[in-house]
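Fold and contact review
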Amino acid sequence: MIGGISVTQLLILLVIVMLVFGTKRLRNIGSDLGSAVKGFRKGIEDEPEDKEPEKITTEEKTSAAPPKKEEKVTATRPSDTDV
């Protein structure tokens, strides 16, 4: 008995899940879940704990920003002095 669920109830639940999803889909879900866990563990092991995030200076921010385009202002109607 695990947390109030007996072995027979777990078996019945397993049979219902297999009928709903099918064995092929359950196999795909299991392999996807396993590869996700492996990737997560590898990412945790590769990341050093002492590493600080890179700090970008304001010069680097401004040099990476694209130049601003100047807007052209055109008159759409004549003013009082033009008439």
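Residues numbered from 1 in each chain as written. Predicted model: local features only at pLDDT ≥ 70, side-chain atom pairs only at ≥ 80, totals over all residues. Heavy atoms only, no water.

Our next topic: the overall build of the protein. What the protein contains, in helices and strands, is 3 helices and 0 strands. In the protein, which comprises 83 residues, the share counted as buried stands at 0%. Approximately 8,900 Å² of the protein is accessible, and the part contributed by carbon and sulfur atoms is 59%. (Helix = DSSP H or I, 4+ residues; strand = E, 2+ residues; numbered from the N terminus. Buried < 20%, exposed > 50% of the residue type's maximum accessible area, 1.4 Å probe, protein only. Areas by Shrake-Rupley, 256 points an atom, 1.4 Å probe, with all protein chains shown as cover.)

The next thing to look at is the confidence of the model for the protein. Residues at a pLDDT of 70 or more form 53% of the protein, whose mean pLDDT is 76. Least confident of the elements in the protein is helix α3 (residues 58-64), whose mean pLDDT is 61; most confident is helix α1 (residues 7-21), at 92. (pLDDT = per-residue confidence, 0-100.)

Taken together, Val7, Leu11, Leu14 and Met18 make up a surface patch of nonpolar side chains, about 380 Å² in accessible area. Checked against the element boundaries, Val7 lands in helix α1. (Patch = residues over 30% accessible without salt bridge, like charges linked within 9 Å, V, L, I, M, F, W, Y side chains within 5 Å. Salt bridge = Lys/Arg side-chain N within 4 Å of Asp/Glu carboxyl O.)

For an α-helix the count is 3.6 residues per turn, leaving residues at separations of three or four pointing the same way. Compared with an ideal rise of 1.5 Å per residue, which puts 15 residues at 21 Å, α1 spans 21 Å between its outermost C-alpha atoms and is within 8% of the ideal. Two residues or fewer after α1 comes Gly22, characterised by a positive phi angle close to 85°. (Expected span 1.5 Å × (residues − 1).)

Relative to the 34 Å expected for 24 residues at 1.5 Å per residue, helix α2 (residues 23-46) spans 34 Å between its end C-alpha atoms, a close match to the ideal helical length. For α2, a buried count of 0 out of 24 residues is recorded, marking the element as mostly open to its surroundings.

So, on to the environment of Met18. Structurally, Met18 is set in helix α1. Residue classification places Met18 among the partly exposed residues on the basis of a relative accessible area of 36%. Excluding anything up to four places from it in sequence, Met18 contacts Thr23 and Leu26. (Contact = heavy atoms within 4.5 Å.)

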